[in-house]
Amino acid sequence: MHIFYLDDAVALAAAGINVFAHLVRDKEMSDELIALMLKNNVYSMPNIGAPERGTHAGIPAWFEEPTLAGLLRDTVPAEVIERMAKSFASRDPATAARNRGNYGILQKSLAKLNAAGVRIILGSDTGLEDHFFGYAEQKELDLMVQAGMTPSQVIVAATSRAAEFIGLSDRGVLAPGKRADFLVLDANPLDDIRNTRRIAKMYLAGAEVDRAALKASLLRSARN
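Note that the structure is predicted; figures quoted are calculated from it, not measured.

(A) The arrangement of the overall build of the protein chain in detail. Helix and strand counts for the protein chain come out as 11 helices and 5 strands. If you line up the protein chain on its principal axes, its C-alpha atoms span 50 × 50 × 35 Å. Residues counted as buried form 39% of the 224 residues belonging to the protein chain. In the protein chain, once contacts between residues fewer than 6 apart in sequence are set aside, the share between residues at least 24 apart is 60%.

Next comes the structure, spelled out in structure tokens:
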């Protein structure tokens, strides 16, 4: 369920809804709401990447971060990247400043949810304009850490907790008997969550994915 107002969220949590697909937008999430979420096992999918984009009136540092920018170049045509860059510069500074205040509310709410032990799962609004598959998720991981979660907690939210939520008991963890879906990284993500972007190899059901062929396929699809 998408939520925007605190009073609505409290009512929905009391009624036993199973997940909030976004954070409350008008106020910081209250102790009452968080208590209800814990009592009724309500999951939270923060989805803070889209609101964060609105906080910039110029090209943000993350847009030019080498590894993240490299992932974008590998999957999106150059003309789309250029349009994305221009979209930041066209935003009114006063609007961006107002958006930063609103985004601060979301960061505080996520920190409270995490500290209280609410079950948090990864969400990134993938599929919306400029929220590309893989790229949006990588950015979201970083934003969740910036909001107060540890890299370990964010990895759990993106793997085992997400699998738990959708009832996939055969995956989400590295353990005997589980489906072998995993990434091989060039650096430790527990040291810096952005190391999840340093992908050396990818495996699905134990078989290595041909990343070069996948890259070519994604670029062809993007141009069609």
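After that view, the rundown keeps rolling.
(B) Broad picture of helix H7 (residues 93-116). Its 24 residues give H7 an end-to-end C-alpha distance of 35 Å, which sits within 8% of 34 Å, the value for a rise of 1.5 Å per residue. Of all the positions in H7, only Ala-96, Tyr-103, Gly-104, Leu-106, Ser-109, Leu-110, Leu-113 and Asn-114 are classed as buried. Its buried side turned inward, H7 meets helix H2 (31-39), strand E2 (43-44), helix H3 (49-53), helix H8 (135-146) and helix H9 (151-158). By the N-cap criterion, in which a side-chain oxygen at the helix start approaches the backbone nitrogen of a residue two or three places on, H7 is capped by Asp-92, the distance to Ala-94 being 3.2 Å. Following H7 by one or two positions, Gly-117 has its phi on the positive side, about 90°.

(C) How the structure looks around empty space enclosed by the protein. As enumerated under the stated definition, the model contains 1 cavity of 30 Å³ or more in all. In terms of lining residues, the largest cavity is bounded by Gly-49, Arg-53, Ser-124, Asp-130, His-131, Tyr-135, Ala-136, Lys-139 and Glu-140. Elements with a contribution of two residues or more to the lining of the largest cavity: H3 and H8. If one sorts the elements of the lining of the largest cavity by residue count, H8 sits on top with 4 residues. A breakdown of the residues in the lining of the largest cavity according to their chemical character gives 2 nonpolar, 3 polar and 4 charged.

(D) Representation of the sheet that holds strand E4 (residues 199-204) within the structure. With antiparallel pairing, the 3 strands of this open sheet are ordered in space as E3-E4-E5. Lying at the two open borders of the sheet, with one neighbouring strand each, are strand E3 (182-185) and strand E5 (207-208). Bridge count between E3 and E4: 4 bridges; the pairing is antiparallel. Following the sheet pairing, Phe-182 is matched in E4 by Tyr-203.

(E) Quick look at H9. Those residues of H9 lying buried are Pro-151, Val-154 and Ala-157. On an axial view of H9, the arc spanned by its buried residues comes to 120°, and they lie on one face. In this structure, the buried residues of H9 make contact with H8 and helix H10 (160-165).

(F) Structural detail: the pattern of salt bridges. As enumerated under the stated definition, the model contains 15 salt bridges in all. Close ionic contact of Lys-139 with Glu-52 constitutes a salt bridge, the shortest N to O distance being 3.3 Å. With Lys-139 in helix H8 and Glu-52 in helix H3, this residue pair connects regions lying 87 residues apart in the sequence. Of the residues examined, Lys-139 reaches a relative accessible area of 7% and is grouped as buried. Residue class for Glu-52 comes out buried when judged on its relative accessible area of 6%.

(G) Representation of the packing of H2 against H7. Contact geometry of H2 with H7 gives a least axis separation of 11 Å together with a crossing angle of 45°. Judged by the angle between their axes, H2 and H7 are oblique. For the crossing formed where H2 meets H7, the hand is right-handed. In this structure, H2 contributes Asp-31, Ile-34, Met-37 and Leu-38 to the contact, and H7 contributes Lys-112, Leu-113 and Ala-116.

(H) Representation of the pairing of E4 in the model. For E4 and E5, the ladder comprises 2 bridges, and the chain directions are antiparallel. The residue bridging Tyr-203 from the neighbouring strand is Glu-208, located in E5. Hairpin connection from E4 to E5: 2 residues lie between these consecutive antiparallel strands, with Ala-205 at a positive phi of about 50°.

(I) Representation of the layout of surface pockets. Space inside the largest pocket adds up to approximately 1800 Å³. Taken together, 41 residues form the lining of the largest pocket, with Gly-134, Gln-138, Leu-183, Ile-199 and Met-202 sitting closest to its centre. Sorting the residues of the lining of the largest pocket by element identifies helix H5 (66-75), H8, H9, E3, E4 and helix H11 (211-223) as the ones contributing at least two each. Considering every element that reaches the lining of the largest pocket, the biggest residue donor is H11, with 6 residues. When the residues that make up the lining of the largest pocket are grouped by side-chain class, the tally is 27 nonpolar, 7 polar and 7 charged.

Scoring rules and cut-offs
Along each chain, numbering runs from 1 in the same order as the chain's sequence is written. Local features in this predicted model are restricted to residues of pLDDT 70 or higher, and side-chain atom pairs are both shown and tallied only at a pLDDT of 80 or more, whereas totals for entire chains, interfaces and linings draw on every residue. Derived side-chain values reflect all non-hydrogen atoms in the structure, with water molecules and hydrogen atoms excluded from consideration. Helix and strand definitions follow DSSP, with helices as H or I runs of at least four residues and strands as E runs of at least two, each counted in order from the N terminus. Residue burial is assigned from relative accessible area. The probe radius is 1.4 Å, only protein chains are included, and a residue is buried under 20% of its type maximum, exposed over 50%, and partly exposed in between. In this description, contact between two residues means that some pair of their heavy atoms is separated by no more than 4.5 Å. Under the convention used throughout, the expected extent of a helix is 1.5 Å for every residue step, that is, one less than its residue count. Here a polar contact is taken to be a pair of N or O atoms separated by no more than 3.5 Å, where protein atoms must pair a possible hydrogen donor with a possible acceptor and residues adjacent in sequence count only if both atoms sit in side chains. The pocket and cavity definitions rest on a 1 Å grid over protein atoms only: a 1.4 Å probe that fits but cannot leave marks a cavity, an open set with protein on both sides within 12 Å along at least five of seven lines marks a pocket, and residues lining either have an atom within 4 Å of a point. Grid points are joined across faces, edges and corners, and a volume is the space filled by probe spheres set on the points. For this scheme, ten residues count as nonpolar: Ala, Val, Leu, Ile, Met, Phe, Trp, Tyr, Cys and Pro. Four count as charged, namely Asp, Glu, Lys and Arg, and the remainder, Gly too, count as polar. Following DSSP output, two strands are said to pair if at least two bridges run between them. As used here, the arc is the angular range of directions from the helix axis to the C-beta atoms. Salt bridge, as used here: a side-chain nitrogen of Lys or Arg that lies within 4 Å of a carboxyl oxygen of Asp or Glu. To define axes, lines are fitted to C-alpha atoms, for helices over the stretch in contact only, and angles between the resulting N-to-C directions are given on a 0 to 180 degree scale. Geometric relationships in this document are graded by angle, where less than 35 degrees denotes roughly parallel, more than 145 denotes roughly antiparallel, 65 to 115 denotes roughly perpendicular, and other angles denote oblique. Rotating anticlockwise by less than a right angle from the far helix to the near helix defines a left-handed crossing, while the corresponding clockwise rotation defines a right-handed one.

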